[in-house]
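Geometric and topological summary
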There are 2 protein chains.
Amino acid sequence: MKSTASSLAINRRALLATLAALPALSGTLFTASAQAQTTTPGGELPSWNEGPAKQAILNFVRVTTDRASPTFVPPEERVATFDQDGTLWVEHPMYSQVMYCLDRVPAVVAKKPELKNVEPFKTVLSGNREAMAKFTMKDLEAILVATLTGMPVDEFNAEVKKWFETAKHPRWNRPYTELAYQPMLEVLRYLRDNAYKTYIVTGGGQDFVRVYAEKVYGIPPEQVVGTAGGTKYGYAKDGKPFLTKEPKLLLNDNNAGKAEGIHLMIGRRPNAAFGNSTGDRQMLEWTGAGAGARLEMLVLHDDAAREYAYGPAAGLPDSKVGAFTPALYDEAKKNGWTVISMKNDWKRIFAFDLQ
Amino acid sequence: MKSTASSLAINRRALLATLAALPALSGTLFTASAQAQTTTPGGELPSWNEGPAKQAILNFVRVTTDRASPTFVPPEERVATFDQDGTLWVEHPMYSQVMYCLDRVPAVVAKKPELKNVEPFKTVLSGNREAMAKFTMKDLEAILVATLTGMPVDEFNAEVKKWFETAKHPRWNRPYTELAYQPMLEVLRYLRDNAYKTYIVTGGGQDFVRVYAEKVYGIPPEQVVGTAGGTKYGYAKDGKPFLTKEPKLLLNDNNAGKAEGIHLMIGRRPNAAFGNSTGDRQMLEWTGAGAGARLEMLVLHDDAAREYAYGPAAGLPDSKVGAFTPALYDEAKKNGWTVISMKNDWKRIFAFDLQ
């Protein structure tokens, strides 16, 4: 039995490298609205510059929703899938879910004081980033299992919700939920306005993402496909049933797991898919292998000034979380996938940016 | 690793008992329309007699959709889940999926002639019901694994679709897809007309049920939750990706698995749930444990003339497929669940019945 921990698609080297660079655990106490605005005054996709990426989206919607088009898709069959980290919101310097797990360690230890002097919890509590950077995969798994499993589903949901109300991204000092990409929020809305069902298909935890997906992206829980662990049905003392999150991996929703997860959870082949890394390759291939008009897009992080630059844009090989490798870039060109340049295609990155 | 076979919720004793009573493999060649009609002339739920069951449904919809009601539920949160076998359509004398598996054996052997003289395939090919009734659980698993896994998803879907076009139920000599209960089709439509998302939550195979659920019940593939096996992503010689059905159980969607499956696939607690057997108990409990107005219903098979009588209605203990046991009957009374008497509450059973 594999543990849930291995499900988080962590590029361990990258994770450890960034651990040391992070500020202290983000136990901030500020409350902020996490509601992202997706109003689209003055036409469709207002935060997009004119260019091939915007044109590809507009064209795809036109040829799949015009009844006169030979590639028309009936409304009930319209499905668009989106990776989350690096595609819908910021994934650097670390997945927000990993930040959550580290931040949860003190609470876990408070409930189980016997962990206080046990590694790797002792090191997390010390705040020693140098030491954390030396964690083994087993250490990381222990942290993920301790903070993501073993509790009732309702309790987990409440904790995640509470965390997002106060935790802030170290660079922008804003709630993570404000770091969704405004141009992508507009794509989500534009597709939904055209009867597309929009899904998140993420390597992140399904339960974790479901907590905020409706608020941040307008995507309901039943349209979030993610890495999923098992749950166990039981009864409280008063006879009321509850579900406990188990350290048992059901779906590792990365790489081939994304195509498999789409089959498991949706049962239809997407018409459009959006990603940004090698973990999204099979989802885009699976989408592209269907008949009719298809849209496959990859977000290229080439904007160090407004966000980050990594992958081919930074001349980097496969050395970063969410890698957009040269090989993926080549496959995109070969298959006719559209690369979105954050720098050139997006007028602004976040809702809070001046347009 | 558990095999997919154990996922089929087979009450082995009952299964074997009915094997001997079945007619020859249903390789009939007739084609028939499987489209069930759910028109509702003359008011809601026209195939229901006045009584507490019909009233419970009408009342539930009223108090959850009237904005002035203290138990109003926002449209986007409305979820209703339905067991399939014995709740939405006939499950006797055997689940249609098991019939499918037996019928598929000749085709499997044609592709793998080495199985011809190997048990249990040899016995299935012989048509000897007496011998089949002596199958061990291992024999049955071998048949299910051979007929439900190992092929590409698209090929499986095509085979199931083809089977339903010709296979007929031994008692009515009609396609299985015509054996959906007309009163339940009306409930599905009535709930959807009131913004409820309707889901099937079945112990049957998720891929199997998805093939016909839209046509028979108006339920799209993404709203079918069922017993699910893993798939494996691979590439054909031409480079095109495909998914192969694997003999690996991901979700055994029965008993506690129904509540767990609802969490995995929907991520919301249902407001209403419909079942007919002990396998649905936890789904109804889970539904009932939420706040606000709740509707839990159990179909009682007490109509030997028009369908079947089994469970408490026939004075039977837990000895039949899809058992509605006395203990379940007691729990229903204790919890305020509504029992639907097929005999008393339904004007007609099938769309083809004269009303």
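Our subject in this report is the structure included herewith.

Note: strands within a sheet are paired through backbone hydrogen bonds, in either parallel or antiparallel orientation. Residues and elements named next belong to chain A. Read from one edge to the other, the open sheet built from seven strands follows the order β4-β3-β2-β1-β5-β6-β7, with strand pairing classed as mixed. Lying at the two open borders of the sheet, with one neighbouring strand each, are β4 (241-251) and β7 (338-341). Across the sheet, the mean angle separating the axes of adjacent strands is 35° when strand polarity is ignored. Two strands pair when backbone bridges link them, and strand β3 (residues 224-235) and β4 are joined in this way by seven bridges, in the antiparallel orientation. Residue Tyr-235 lies in a different strand from β4, and its bridge partner there is Pro-241. Packed on one face of the sheet, helix α2 (residues 52-65) meets β5 (272-275), β6 (295-300) and β7 and runs near 155° to β6.

Once that is clear, we can look at the interface of chain B and chain A. Contact residues are listed per partner, giving 38 residues for chain B and 38 residues for chain A. Buried surface at the junction of chain B and chain A, both sides included, amounts to about 3200 Å², of which 54% is carbon and sulfur. If you look at where chain B meets chain A, you find six salt bridges. Salt-bridge contacts for Glu-222 of chain B lead to Arg-268 of chain A; the nearest nitrogen and oxygen are separated by 2.9 Å. At the surface where chain B touches chain A, the tally comes to 24 residue pairs in polar contact (both at pLDDT 80 or more). The dominant element in the side of chain B that touches chain A, judged by the number of residues it contributes, is helix α10 (residues 256-265) of chain B, at six residues. In terms of residue class, the side of chain B that touches chain A is built from 18 nonpolar, six polar and 14 charged.

With that settled, consider the pattern of salt bridges. Applying the stated criterion across every chain yields a total of 30 salt bridges over all chains. Among the salt bridges present, the one from Lys-197 of chain A reaches Glu-222 of chain B, with a minimum N-O distance of 2.9 Å. On the criterion of chain membership, the pair formed by Lys-197 of chain A in strand β2 (residues 197-205) and Glu-222 of chain B in the loop between α9 (206-217) and β3 (224-235) is interchain, its members lying in two chains. Owing to a relative accessible area of 22%, Lys-197 of chain A belongs among the partly exposed residues under this scheme. Judged by its relative accessible area of 9%, Glu-222 of chain B falls in the buried class. Here the salt bridges do not stand alone but share partners, grouping Lys-197 and Arg-268 of chain A together with Glu-214 and Glu-222 of chain B into one network.

The next point concerns the sheet that holds strand β2 (residues 197-205) of chain B. All names here are of chain B. Judged by pairing direction, the sheet is mixed, and its seven strands sit side by side in the order β4-β3-β2-β1-β5-β6-β7 without closing on themselves. Of all strands in the sheet, those with a lone pairing partner are β4 (241-251) and β7 (338-341), marking the two edges. For this sheet, the mean inter-axis angle between neighbouring strands, taken without regard to orientation, is 35°. The sheet contacts of α10 involve β1 (79-82), β2, β3 and β4, and relative to β2 the element is tilted by about 130°.

This part covers the packing of aromatic side chains. Residue and element names in this part refer to chain A. Considering all chains together, one arrives at 42 aromatic pairs over all chains under this definition. Between Trp-48 and Trp-346, the aromatic rings sit 5.8 Å apart at their centres with planes inclined by 75°, giving edge-to-face as the arrangement. With Trp-48 in the loop between α1 (12-19) and α2 and Trp-346 in the segment after α13 (342-345), this pair connects stretches of sequence that are 298 residues apart. Each member of the pair Trp-48 and Trp-346 is classed as buried.

Right, let's get into the relation of the copies chain B and chain A. Once chain B has been moved 0.0 Å along the axis and rotated by 180°, it coincides with chain A to within an RMSD of 0.0 Å. Here the copies are linked by what is in effect a two-fold axis. Mapped onto chain A, 100% of the interface residues of chain B again fall at the interface, so both copies present the same surface.

Criteria and cut-off values
- Residues numbered from 1 in each chain as written.
- Chains lettered and ligands numbered in written order.
- Predicted model: local features only at pLDDT ≥ 70, side-chain atom pairs only at ≥ 80, totals over all residues.
- Heavy atoms only, no water.
- Pairing = 2+ DSSP bridges.
- Helix = DSSP H or I, 4+ residues; strand = E, 2+ residues; numbered from the N terminus.
- Axes fitted to C-alpha atoms, helices over the stretch in contact; angles between N-to-C directions.
- Contact = heavy atoms within 4.5 Å.
- Buried area = accessible area lost by both parts, 1.4 Å probe.
- Salt bridge = Lys/Arg side-chain N within 4 Å of Asp/Glu carboxyl O.
- Polar contact = N/O pair within 3.5 Å; in protein donor to acceptor, adjacent residues only side chain to side chain.
- Nonpolar A, V, L, I, M, F, W, Y, C, P; charged D, E, K, R; others polar.
- Buried < 20%, exposed > 50% of the residue type's maximum accessible area, 1.4 Å probe, protein only.
- Phe/Tyr/Trp six-rings, centres within 6.5 Å; stacked < 30°, edge-to-face > 60°.
- Least-squares fit on C-alpha atoms with pLDDT ≥ 70 in both.

Shape is all these values report; function is a separate question.
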